[in-house]
Amino acid sequence: MKNFAAAPLQSCKKNWVRLISAVAVIVLATLALLALIYVIGESAPVFKHAGINFFLGHEWYYRDSLFGALPMIYGSLAVSLVALTVAVPIAIPASIWTAELLPVRWRSLAKGVIELLAGIPSVIYGLIAVIYLREWVYDLFSPWFLTSGDSLLTAGLILAVMILPTITTLADDALCSVPEQQRMAARGLGLNSMETILYVSLPQAAPGIFSAVVLGFGRAVGETIAVFLVVGRMDGQLPNSTGLLHSLLGTGQTLTSKLGGAELFLAYGDKLHWSAMMGLALVLLMLIGFSLITVTVTRFASAFVHHRFVATNGRLSA
Amino acid sequence: MENIIDILPAPRKCMTELRKEKLNGSTPMLEVNELSVSFEENIIFEGLSFHLKPASMLGILGPSGRGKSTLLRCLNRLIDLSPNAKVTGSIRFRGKNILESKVDLDRLRSEIGIVFQQPVVFPTTIAKNVLFGAKRLQRLSRHEQARLLESALRDAALWDQVKDRLHESANRLSVGQQQRLCLARTLATQPDIILLDEPTSALDKKTAREIEQLLLRLKCRYGIILVTHDEEQARRLCDEILRI
Amino acid sequence: MTYTRTFRNLVKYGVPAVCWAAGLIAVLLILALLSVIFLKGYHSLEPGFVLEESREAGASGGIRYQIIGTLILVLTTAAAAIPVSLAIGITRVSVLKHSSLLRHVVDGGLQMLNSMPSILFGVLGFMLFTQHFGWGKSWLAGGIILGLMIVPIVSLAFVNHLLSLPPNRLEAAYGLGLSPQQVLVSVWLPHGWPGLVSGLFLGLARAMGETAPILFVAAVFSGAGMPLGITDSPVLALPYHIFVMAQDSFDSRAQANAWGTALVLVMLVLAFNGVAYTLRMKLHYGEHH
Ligand SMILES: Nc1ncnc2c1ncn2[C@@H]1O[C@H](COP(=O)(O)OP(=O)(O)OP(=O)(O)O)[C@@H](O)[C@H]1O
Ligand SMILES: [Mg+2]
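Residues numbered from 1 in each chain as written. Chains lettered and ligands numbered in written order. Predicted model: local features only at pLDDT ≥ 70, side-chain atom pairs only at ≥ 80, totals over all residues. Heavy atoms only, no water.

**Points about the overall build of chain B**
Along its length, chain B carries 10 helices and 10 strands. Taking all 244 residues of chain B together, the buried fraction comes to 55%. Across chain B, the fraction of contacts at a sequence separation of at least 24, relative to all contacts at a separation of at least 6, is 71%. Put simply, chain B shows about 11,100 Å² of open surface, and 47% of that area lies on carbon and sulfur atoms. (Helix = DSSP H or I, 4+ residues; strand = E, 2+ residues; numbered from the N terminus. Buried < 20%, exposed > 50% of the residue type's maximum accessible area, 1.4 Å probe, protein only. Contact = heavy atoms within 4.5 Å. Areas by Shrake-Rupley, 256 points an atom, 1.4 Å probe, with all protein chains shown as cover.)

**Brief notes about the coordination of the magnesium ion (ligand 2)**
Here the magnesium ion (ligand 2) is held by Ser69(B) (OG) and Gln117(B) (OE1), and the distances to it run 1.9 to 2.4 Å. Of this pair, Ser69(B) sits in helix α2 (residues 68–75) while Gln117(B) sits in the loop between β7 (112–115) and α4 (126–130), and the two are 48 residues apart along the sequence. (Donors = N, O, S within 2.8 Å, 3.2 Å for Na, K, Ca; no water.)

**Quick word on the packing of helix α8 (residues 180–188) of chain A against helix α9 (residues 193–222) of chain A**
Packed helices, taken two at a time, are described by the angle their axes make and the gap between the axes. All names here are of chain A. Look at α8 against α9: their axes get within 9 Å of each other, and the N-to-C directions meet at 140°. In terms of axis orientation, α8 runs oblique to α9. As for the relative orientation of α8 and α9, their crossing is right-handed in sense. Seen from α8, the contacting residues are Gln 182, Arg 183, Ala 186 and Arg 187; seen from α9, they are Ser 193, Thr 196, Val 200, Ser 201 and Gln 204. Here the contact of α8 with α9 is composed, by residue class, of 2 nonpolar, 5 polar and 2 charged. (Axes fitted to C-alpha atoms, helices over the stretch in contact; angles between N-to-C directions. Parallel < 35°, antiparallel > 145°, perpendicular 65-115°, else oblique. Left-handed = near helix turned anticlockwise from the far one by under 90°. Nonpolar A, V, L, I, M, F, W, Y, C, P; charged D, E, K, R; others polar.)

**Examining α8(A)**
All names here are of chain A. Taken across its 9 residues, α8 has 7 buried, putting it largely inside the fold. Buried within α8 we find Gln 182, Arg 183, Met 184, Ala 185, Ala 186, Arg 187 and Gly 188. One or two steps after α8, the chain reaches Gly 190, where phi turns positive at roughly 100°.

**Describing the packing of aromatic side chains**
Counted under the stated rule, the structure contains 21 aromatic pairs over all chains. Aromatic side chains Tyr132(A) and Trp136(A) sit 5.9 Å apart centroid to centroid with 40° between the ring planes, which places their arrangement in the tilted category. Taken together, the residues span about one helical turn, with Tyr132(A) and Trp136(A) both in helix α6 (residues 122–141) at a distance of 4 residues. Given the relative accessible area of 55%, Trp136(A) is considered exposed. Within the aromatic cluster, the residues linked to one another by ring pairs are Phe265(A), Tyr268(A), Trp274(A), Phe126(C) and Phe216(C). The cationic tip of Arg233(A) hangs over the ring face of Phe228(A); the distance from NZ or CZ to the ring centre is 3.9 Å. It is Arg136(B) that lies over the ring of Tyr199(A); its NZ or CZ is 3.8 Å from the centre. (Phe/Tyr/Trp six-rings, centres within 6.5 Å; stacked < 30°, edge-to-face > 60°. Lys NZ or Arg CZ within 6 Å of the ring centre and 35° of its normal.)

**Digging into the interface of chain A and chain B**
Across the contact, 21 residues belong to chain A and 29 residues belong to chain B. Carbon and sulfur atoms make up 65% of the surface buried where chain A meets chain B, a total of about 2,300 Å² over both sides. Along the contact surface separating chain A from chain B lie 1 salt bridge. For the interface between chain A and chain B, the tally reads 2 residue pairs in polar contact (both at pLDDT 80 or more). Of all the secondary structure elements, the ones that give two or more residues to the side of chain A that touches chain B are α8, α9 and α14 (271–317) of chain A. Per-element accounting of the side of chain A that touches chain B gives the leading share, 7 residues, to α8(A). A class-by-class count of the residues in the side of chain A that touches chain B yields 9 nonpolar, 8 polar and 4 charged. (Buried area = accessible area lost by both parts, 1.4 Å probe. Salt bridge = Lys/Arg side-chain N within 4 Å of Asp/Glu carboxyl O. Polar contact = N/O pair within 3.5 Å; in protein donor to acceptor, adjacent residues only side chain to side chain.)

**Observations concerning the sheet that holds strand β5 (residues 85–93) of chain B**
Residues and elements named next belong to chain B. Pairing within the open sheet is antiparallel, and its 4 strands lie in the order β3-β2-β5-β6. Strands at the two margins of the open sheet, each flanked by one partner only, are β3 (42–52) and β6 (96–97). One ladder, built from 8 bridges, connects strand β2 (residues 30–39) with β5; its direction is antiparallel. In the strand pairing of β5, Ser 38 is matched with Lys 86. Relative to β2, α2 is tilted by about 120°, and along the sheet it contacts β2, β3 and β5. (Pairing = 2+ DSSP bridges.)

**Some thoughts on the site of ligand 1**
Residues and elements named next belong to chain B. Taken together, the neighbourhood of ligand 1 is formed by 16 residues, with Ser 64, Gly 65, Lys 68, Ser 69 and Thr 70 sitting nearest. A distance of 2.6 Å separates an oxygen atom of ligand 1 from a polar atom in the side chain of Ser 69. Alone, ligand 1 offers 640 Å² of accessible surface; in the complex the protein occludes 65% of this. Here the shell around ligand 1 is composed, by residue class, of 3 nonpolar, 9 polar and 4 charged. (Near = heavy atom within 4 Å.)

**Section: the pairing of β2(B)**
Residues and elements named next belong to chain B. Direction of pairing for β2 relative to β3: antiparallel, over a ladder of 7 bridges. Within β3, the position partnered with Leu 35 by the bridge is Leu 48. Where β2 folds back on β3, the antiparallel hairpin that results is connected by 2 residues, among which Glu 40 adopts a positive phi of roughly 50°.

**A few points about the pattern of salt bridges**
Pairing between side chains of opposite charge can happen when the charged atoms of each approach one another. All names here are of chain B. A complete count under the given rule lists 32 salt bridges over all chains for this structure. With a closest N to O distance of 3.5 Å, Arg 107 and Glu 111 form a salt bridge. Here Arg 107 pairs with Glu 111, and both are found in helix α3 (residues 105–111), just 4 residues apart, close to one helical turn. Under the relative-accessibility criterion, Arg 107 is labelled partly exposed at 48%. Take Glu 111: its relative accessible area is 14%, and that puts it in the buried class. A salt bridge links Asp 239 to Lys 219, with the shortest nitrogen-to-oxygen separation between them at 3.4 Å.

**Things to note about the side chain of Arg180(B)**
Residues and elements named next belong to chain B. Tracing the chain through its elements places Arg 180 in helix α8 (residues 175–188). Residue classification places Arg 180 among the buried positions, given a relative accessible area of 5%. Look past the residues within four positions of Arg 180 in its chain and what remains in contact with it is Ala 156, Ala 157, Leu 158, Gln 161, Thr 207, Glu 210, Ile 211 and Leu 214.

**What about the state of the cysteines?**
Summed over the entire model, instances satisfying the criterion amount to 0 disulfides over all chains. With no disulfide partner, Cys176(A) has as its closest neighbouring cysteine sulfur the one in Cys19(C), 13 Å distant. (Disulfide = S-S within 2.5 Å.)

**Structural notes on the domain arrangement of chain C**
Residues and elements named next belong to chain C. Along its sequence, chain C is organised into domain 1 (2–42) and domain 2 (50–287). Contact residues are listed per partner, giving 7 residues for domain 1 and 5 residues for domain 2. Carbon and sulfur atoms make up 86% of the area that domain 1 and domain 2 hide from each other, which totals about 530 Å². For domain 1, the biggest contributors to the area lost against domain 2 are Ile 37, Lys 40 and Gly 41; these three give 70% of the whole. Counting across the domain 1 and domain 2 interface gives 0 salt bridges. Where domain 1 meets domain 2, there are 0 residue pairs in polar contact (both at pLDDT 80 or more). Across the side of domain 1 that touches domain 2, the residue classes break down as 5 nonpolar, 1 polar and 1 charged. (Domains from an automatic or database assignment.)

**Here we look at the nonpolar core**
Of all hydrophobic cores here, the largest spans 166 residues; its most connected members are Phe54(A), Ile124(A), Tyr125(A), Leu259(A), Leu280(A) and Phe243(C). It is α14(A) that provides the largest number of residues to this core, a total of 15 residues. Here this core spans two domains, and each of domain 1 (2–42) and domain 2 (50–287) of chain C adds at least three residues to it. Discounting chain neighbours no more than four positions away, the residues touching Phe243(C) are Val123(A), Ile225(A), Phe228(A), Leu229(A), Thr211(C) and Leu215(C). Grouped together as the second largest cluster of nonpolar side chains are 43 residues, Phe93(B), Phe116(B), Phe132(B) and Val227(B) included. (Core = buried A, V, L, I, M, F, W, Y, C linked by side-chain atoms within 4.5 Å.)

**Digging into the interface of chain C and chain A**
How big an interface is tends to be expressed through the accessible area that disappears when the partners come together. In this assembly, 78 residues from chain C lie in contact with 74 residues from chain A. Each partner contributes to the roughly 6,600 Å² buried at the junction of chain C and chain A, and carbon and sulfur atoms together form 81% of this total. Where Glu195(A) meets Arg8(C), a salt bridge forms, and the shortest distance between an N and an O atom there is 2.9 Å. For the interface between chain C and chain A, the tally reads 3 residue pairs in polar contact (both at pLDDT 80 or more). Only α1 (2–41), α3 (64–93), α4 (100–115), α5 (118–132), α7 (168–174), α8 (180–209), α9 (238–247) and α10 (252–287) of chain C provide two or more residues apiece to the side of chain C that touches chain A.

**Some details on the packing of helix α4 (residues 70–101) of chain A against helix α7 (residues 152–176) of chain A**
All names here are of chain A. Axis separation between α4 and α7 bottoms out at 5 Å; the angle between their running directions is 35°. Crossing of α4 against α7: the hand is right-handed. Among the residues forming the contact of α4 with α7, the class breakdown is 26 nonpolar, 5 polar and 2 charged.

Given below as structure tokens:
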């Protein structure tokens, strides 16, 4: 180590390790791009075939070459929104709890325990949902119009548990990045600690908390296995005259559960059918892309505001 | 440790009858006795005693790192927010020792306002910054809010500069303006005592003079404790000086 | 005045009450989940369960080949992820030092890869390896897919660790005119390995629990032992086993078996996470001394 530090700095243009790494990264990026182009290219036939009806049609009978993805899109959005509705009201207060209320020593422990929740494989959430949650939902709602415990609601509930740690830890990070002097200034004015949280920490962490929620949404949309096991995987389910709640209590199909089903094997032989499956993958990609873009825009927008803030403070030290 | 209170030969006086009355007969607003602060093993200062009379200014002088800012944070118990600090002694304010545990700290902090060494503005508009504490400590009608906003900004000598941009971001203000904004924010909560931590350290001479004028005016209405590095400034402004 | 007092008190006591409740719900939830998995699974946890092959479609016997299959996948995943993450990490730290735009592109790409739904890896792997290369179901394809999936986790940990080092350390080592292998062995690996390894364990913990990527590509429910080649050499795997058993969970013996498998999987995942955590804590401690 000593002679490393003592060695003179030389130009290292002929550095093969760097060169090889850079080439490898370029190759990888190209591959990723190719994969994206492949998905888009392969899905082209179904858009030619069905046109806008791929997004708006609600019938999916591959034998009749009918490919309407609306029920799957609805299913994905429905389970994710149910998950957010349940998870966000717990996750945000829980993040305040870890970031602001717990003593520093307990904070990382509590956060670690909550992060354990994120480490459990999704198939195990699926197992728990199949064995417990499905029965509970059935018992709770069977007096009305439920035929089995498999439903969009069940899938949404298990997703809520799965995205809870994601949102909590990201929101906690956002809260912790609010400068301590800001809180100190509010306390100095005589606001109590809770008012400081409500009027100082939360508003300033709001962009980060919003991003946390959006990323939680992305995770929920992309989750396959746990949803697959309890969503019922029934094609063509859309809310009808009986109302939204009824539809949530019924079975459904999501983009991921369709892609994860045995139909994929079947589809590969048939160009149009495979193209329809790739179309589903593309819609899924667009939903994820949408959440990532939202997060990026939020980050840049708040960085812009924050930058001004830092810049003015910078003049102080100059 | 030297702990001398200089009574200056000719303290500059604010010539109101009211104030003279107060000065002569009145008891101190704040009495500090044998105050010591340590962070874990590290003793910052020990056995500090002084008092602050109504409508007067006490200057605190001392080398950097001596604990001046820490002392100010003791006086309204903001120091409680640093869990490793240990404070002993007594601070009497309104006849009570505020170091006791049953004091309403949030109330105390609104009565003893502080302006930090570095201005901390909230990332919102100028108007909202000024009313940030005030409108949450009491219920104010829109009309009262507008009045308070104006009077606080006038008292902080900022009104003329910002009256046309009250709803712009406070981050765009210069540092000197930000410092006065923080002062206005503190004044708006109507404290009895104001703790000022080097309010002119980041400013050029001219702006510093402006702030000094401002402080001389404020002195008639508030008890002020001023931390400064500038011996001359302390002599110009303060009735008493404490060296730590 | 009283209105203000009441409102302020509401905030002062209401907010912490809500937050404590929510935090305790989250913590209790995880404790409940873990204890369910443990209480349901520990009956099955005996030497026979780990060592025997499964029989009667998983209703009796053990999970020997599921464990072996998962370990094969884990090793392959590591083998696939390490070189790629090294390349990305080295590029990110050294080559892109001066271009913040490219750096953002690489970081953004990694984040995108990280938030890709795992089923998409499965579908693309199916298209490429299973069909296009004609491998059928193959352990190697599964490992490669999982390896690519965890690249963001591993390379980010590697990069963050390198960036947390004093900057001149790497630079100085570069000046010695070493050969490429020497540079790799004497600069990047000795300085970067702790970040690389802790990220690797984190990633492997995630990879070994994933079902969706290996669904079409690598895993079968029965009829596979040790794979002997590449083409048509599927493996059994713990998560896939649970996945199939959960779908016909009506036989109580099969259910017990599924819970036992779940417990084994969770213990493996926690162990890997534990290694990653300890390493990171060690690093953190080391930095301050
Ligand atoms: N929370 C804390 N924990 C440990 N030590 C602290 C803490 N806050 C302040 N100190 C220490 O207390 C001492 C006094 O700090 P303080 O900021 O009060 O000095 P000061 O007199 O205001 O200096 P300056 O004139 O530079 O502003 C310093 O040595 C500082 O490191
Ligand atoms: Mg100071």
